[in-house]
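One letter stands for each residue in the lines below.
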Amino acid sequence: MNLQDIILQLDHYWAKQGCAIVQPYDLEKGAGTFNPATFFGVLTPRPMKAAYVEPSRRPSDGRYGDNPNRLSRFHQYQVVIKPPMKDIQQIYLNSLKVMGINHSEHDIRWIEDDWESPTLGASGVGWEVWLDAMEITQFTYFQQMASFELNPISVEITYGLERLAMFSQKKKNIFDIKWNDDVTYGEMFKKREEQFSYYNFEAADIGKLKRDFTENEKQAHDLASRKYYIPAYDLAMKCSHAFNVLDARGAISVSERVSLIKRIRDLSKICASAYVKDNHHE
Amino acid sequence: MNKNKPANKRDALLEIRIENIPARFIISAKRQMEKIAIDNLSKLGIKYESIESFGTYKRLVLYINAMEAKTEEKTVMATGPSAKLLKDEKGKYTPQSFGFAKSQKTTPDKLKVINTPKGDFLAVERKIGGEPASKKLAEIFPHIISKLQFPKTMVWEKERFRFARPIRGLMALHGEKIITFKLAGVKAARKTVGLSAKGSKEITVKTAEKYFKTLENLNVIVKDEKRLAILNKEISSASKRMKLTANSDKELLEENLYLVEYPVSVVGGFSKEFLDLPVELVHLVMKSQLKFFTVENSKGELEPYFIGIRDGISKGQKNVRDGFKNVLEARFKDALFFYKKDLSVPLDLMNDKLKDIIFHQGLGTMHDKCLRIREFSAIFSKMLNLEKLNKEETFKASEYVYCDLASELVKEFTELQGIMAYYYAKNAKLSKGICKTIKEFYWPLSFSSALPVSDESSLVSLAGKIDTVLSSFAVGIVVTGSADPYGLRRHAMGFARIILAKKFSLNLKVFLKEAFEFLPEIVKEKNDKEKLFGNILEFIWQRAEAVFAESGYKFDEIRAVKSYFMESGDLMNAAQRIKSLNVMRKNPDFDSLAASFKRAKNILKQTAIKETDIPNEALFEEAAEKELYKNIKTLSSMAEVMLKNNDYSVYLAELVKIKPSLDGFFDNVMVMVKDEKIKENRLKIIKSLVVLFAKAADLSQIQV
């Protein structure tokens, strides 16, 4: 099944489960969890079901398009449900069927893998799901977000779309994946990988990134303190991405790293606090 | 299952169905379930034949064989006020007897009188028990579930019940009866589910006794032992087919056992070129990451095959085998890419990157740490005066022990840090001895694992460990309870084990004094040296205690030598003393000697007698004091030579010989006499005796 069809099938499947099919958020981010639909969405008591594709950037993982398994920008398919249905595991397994993966003909295992995001102040308990030993999904029951204990709990299901497509199309090289019947992944994104690897590892302006970080951080604090937590959170995401590029660029010392992570976590916390306060009376 | 069981004895069953519980949680959970069940069943007087527990990744099962239908009947006696208070002078029941009767839910006319040694009392006899046991299970089962402890727990539903993973089903049966209870939003029933690979179909279990069979028919082997037998058979028949041997170590077997409900092996091969990778890396990828069994030939060399285990079904074997192979090869390919890249970098260039890696704030870079290790090795070598030590190789090796820290491969496979250095050194054609020293630098990796072998590797390993401990203590890193982020305990333990195994006798205090000078100035300024060294000695002693205890020595013997170690800083010598003490202890006179020593020490507590005070023999009055002091002097003159030659056993044996004269002294001589001069003189005799004893060990620590 081509990658585009996998997305369409998943959209269709999760829409039937009652999920709002949300669109990707238009800012750089390290993972689908950063999308405000998830970040803010899991904080309040109100039930929620959402699913969306999220292009995610991990500057350090770039390999100039040379490595058949690595990308600096890839696509997650993310499902967030609060509270989780009792048979959510089986609902997830059934979603694999729509991609033509029949459990009885494959080995599916759930390997303990608790998740933590130091920059979001978030943590969860869950698994990597292995399909014939290939990790295709991260399945997590969030316990904390932005240092808040969550109640009710949300489940987050994150599919690695490229992995699924490689599996489905029996490809050993990401760039050989068919996006649709006419276009390959390589045609669409290989050049991007080359150029962004150059940017992230060699060319990104360190001084500018550090200034951006500080200025965005400053304004985020100011906005959040005046209850404008939504734009404040956008700025926090920009800080997070700047940090990731600086890290890939090798511009962060060990002690700096700890303090920068804490600064981003503090931003997440104040945005979340302002949001929770604002939604207190619903 | 049901053979010959009387109708009133049925099996009882609790199945907790969980979303994939981690394999490493299961064994402990089973043990806890059994223990809590046994305790509670006995408390409630419920009899049964036996209790078993089982586990898979999605169920924890408690099984009670042949449980009595009713709780045990017993008569209990409740005792009340004195029998005199039953009736007043007018023959009427008193308020006290009414009160007691009421509290026992009866009337005063039913009260009895019992005789006790303390007098006669009012009493009520009551029969308890005889209740349906299944009713009690409805309390015990949820109690068991809520008492289970796990390394990590979570919440998932609105009651916020904490458990390892979400509970999705509860089955509780006694015979055919459902034990009714509710927990974490789940109601106990007679339903469970079959194999995941077949869609986890819901099934009804008619009776507890039919549970295992019902599931087995659906390819779920609940009993661990039986599943393990199948797993072993799968692996051995796969090995046989290949005419090779599978490496089935216990940990990997256990992990696989709890990852499946019905083990089915998947055998495949991979490209031979990947066997050029270091064997540790192959093991890491295959065993730790993918849970595959590796395969060896008769010479113990790896062969390019794997045995994977899948859950429950042998449909689509080719899919699974291809999938396993692809993932394995992709990981190998990644590793090989980085490994080759690292091998192409000149070793000194790679090692140079240590200058950019901070060891710890205030303690400089890893390069600085290497320099200290080199210096510390030199101090050790000077102090130990090892004749055959190849100093040049020792120092050279210490420069490269961390060379892999900056390698690409270790960045990707962090678990290989400390292992790859050897391969890079070998690739750079460093001498065999140097490579081996680098390889063994981190040893021992655990409490019981192998130690560095040669003098060279032992020295460098000691230097690395003591640097980590010394420098961490010097910047104020403290180890508390479970918090030991820098693994200082492991370092100190390894340090103690190497010293003892290599029989290195040296004064650690003298070493620390010299080593301290190599710390950065700002760190030195902040430390009170004596206090710092004391803390480090204390810390190393604590670890060494565990090593001594493991060798079979008693804690009081170990403690008796602690003050000697804190004074001398010589761990090896301390160990010899413990050993001698342990041997001497078997002497029948030893215990009373230790007791006399304790007595002597106590007598001296309130006095100001100094070690240098010598008794005046002219003041001796009693034969017993003359005799004792004569023996003390004789032993004293021999002590120096014996202790210098480390003849502790001989010395201790001589000490024991002093016992008759010591007994004579304590029996016949009054110490605390009125004449101050005589009193002080006798205290001096005791002091000289204590000094003599203390040369061996602090015998007051010995538990008599």
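Since the structure is predicted, the reported quantities are computational estimates derived from the model, not experimental observations. (Residues numbered from 1 in each chain as written. Chains lettered and ligands numbered in written order. Predicted model: local features only at pLDDT ≥ 70, side-chain atom pairs only at ≥ 80, totals over all residues. Heavy atoms only, no water.)

(A) Structural detail: the domain arrangement of chain B. Annotation of chain B at the domain level lists domain 1 (9–71 + 132–216), domain 2 (74–128), domain 3 (224–343), domain 4 (350–551) and domain 5 (585–701). Look at where the C-alpha atoms of domain 1 of chain B and domain 5 of chain B centre, and you get two points 66 Å apart. (Domains from an automatic or database assignment.)

(B) Quick look at the layout of surface pockets. Computed from the structure, the second largest pocket encloses a volume of approximately 490 Å³. If you trace the second largest pocket, you find 23 residues lining it, with A:Q89, A:Q90, B:R17, B:R168 and B:S200 closest to the centre. Within the residue set of the lining of the second largest pocket, elements represented by two or more residues are α3 (88–97) and β4 (108–112) of chain A together with β1 (9–18) and β10 (186–187) of chain B. For the lining of the second largest pocket, the element with the most residues is α3(A), which contributes four residues. Looking at the lining of the second largest pocket residue by residue, the class counts come to eight nonpolar, seven polar and eight charged. (1 Å grid on protein atoms, 1.4 Å probe; cavity = no way out; pocket = protein on both sides within 12 Å on 5 of 7 lines; lining within 4 Å. Points joined across faces, edges and corners; volume = space filled by probe spheres on them. Helix = DSSP H or I, 4+ residues; strand = E, 2+ residues; numbered from the N terminus. Nonpolar A, V, L, I, M, F, W, Y, C, P; charged D, E, K, R; others polar.)

(C) Structural detail: the nonpolar core. Ranked by size, the top nonpolar core spans 193 residues in total, and within it A:W14, A:Y159, B:I16, B:L60 and B:F163 carry the most contacts. Tallying contributions element by element places helix α7 (residues 229–248) of chain A first for this core, with eleven residues. Discounting chain neighbours no more than four positions away, the residues touching A:W14 are A:C19, A:A51, A:Y77, A:V79, A:I81, A:I88, A:I91, A:Y92, A:S95, A:I157 and A:Y159. Listed in part, the 104 residues of the second largest apolar core include B:L462, B:I499, B:F590 and B:L655. (Core = buried A, V, L, I, M, F, W, Y, C linked by side-chain atoms within 4.5 Å. Buried < 20%, exposed > 50% of the residue type's maximum accessible area, 1.4 Å probe, protein only. Contact = heavy atoms within 4.5 Å.)

(D) Molecular detail of the interface of chain B and chain A. If you look at the interface, chain B gives 47 residues, while chain A gives 36 residues. Viewed at the interface, chain A and chain B are joined by six salt bridges. In this structure, B:E412 and A:R70 form a salt bridge, with 2.8 Å as the shortest nitrogen-oxygen distance. Across the contact surface, chain B and chain A share 21 residue pairs in polar contact (both at pLDDT 80 or more). For the side of chain B that touches chain A, the elements supplying multiple residues, two or more each, are α1 (23–43), β16 (302–311) and α8 (317–343) of chain B. Residue contributions to the side of chain B that touches chain A peak at eleven residues, all from α8(B). Among the residues making up the side of chain B that touches chain A, the classes are represented as 19 nonpolar, 13 polar and 15 charged. (Salt bridge = Lys/Arg side-chain N within 4 Å of Asp/Glu carboxyl O. Polar contact = N/O pair within 3.5 Å; in protein donor to acceptor, adjacent residues only side chain to side chain.)

(E) Fine view of a positive patch on the surface. There is a patch of like positive charges on the surface, built from A:K86, B:K158, B:K182 and B:K187. Relative to the assigned elements, A:K86 resides in the loop between β3 (73–82) and α3. Judged by relative accessible area, which is 57%, A:K86 ranks as exposed. (Patch = residues over 30% accessible without salt bridge, like charges linked within 9 Å, V, L, I, M, F, W, Y side chains within 5 Å. Areas by Shrake-Rupley, 256 points an atom, 1.4 Å probe, with all protein chains shown as cover. Lys, Arg positive; Asp, Glu negative; His and termini not counted. Charge placed at Lys NZ, Arg CZ, Asp CG, Glu CD.)

(F) How the structure looks around the packing of helix α1 (residues 3–16) of chain A against helix α4 (residues 161–169) of chain A. Residue and element names in this part refer to chain A. Where α1 meets α4, the axes come as close as 9 Å, and the angle between the chain directions of the two elements is 115°. By the criterion of interaxial angle, the relationship of α1 to α4 is roughly perpendicular. Relative to α4, the crossing made by α1 is right-handed. Residue-level contacts link L3, I6, I7 and L10 of α1 to L161, E162, L164, A165 and Q169 of α4. Across the contact of α1 with α4, the residue classes break down as seven nonpolar, one polar and one charged. (Axes fitted to C-alpha atoms, helices over the stretch in contact; angles between N-to-C directions. Parallel < 35°, antiparallel > 145°, perpendicular 65-115°, else oblique. Left-handed = near helix turned anticlockwise from the far one by under 90°.)

(G) Structural context of helix α17 (residues 508–516) of chain B. All names here are of chain B. Within the sequence span of α17, burial applies to L508, F511, L512, A515 and F516. Looking straight down α17, one finds its buried side chains confined to an arc of 125°; they lie on one side. Contacts from the buried residues of α17 go to α10 (366–384), α15 (455–474), α16 (488–501), α18 (521–525), α19 (529–550) and α20 (555–568). The opening residue of α17, the one whose side-chain oxygen lies 2.8 Å from the backbone nitrogen of K509, is N507. (Arc of directions from axis to C-beta.)

(H) Quick peek at the sheet that holds strand β2 (residues 50–56) of chain B. Taken in spatial order, the five strands make up an open sheet running β2-β3-β1-β7-β8 (chain B), and their pairing is antiparallel. Strands at the two margins of the open sheet, each flanked by one partner only, are β2 and β8 (177–178) of chain B. (Pairing = 2+ DSSP bridges.)

(I) Examining the sheet that holds strand β5 (residues 112–116) of chain B more closely. Residues and elements named next belong to chain B. If you walk across this open sheet you meet the three strands as β4-β6-β5, and the pairing is antiparallel. Where the open sheet ends on each side, the last strands, each with one partner, are β4 (74–82) and β5. Strand after strand, the sheet turns through a mean of 45° between neighbouring axes, direction not considered. Here β5 pairs with strand β6 (residues 119–128) via five bridges, running antiparallel. Its bridge partner lying in β6, T116 is registered against G119. Against the sheet, helix α2 (residues 95–103) touches β4 and β6, its axis set at about 155° to β4.

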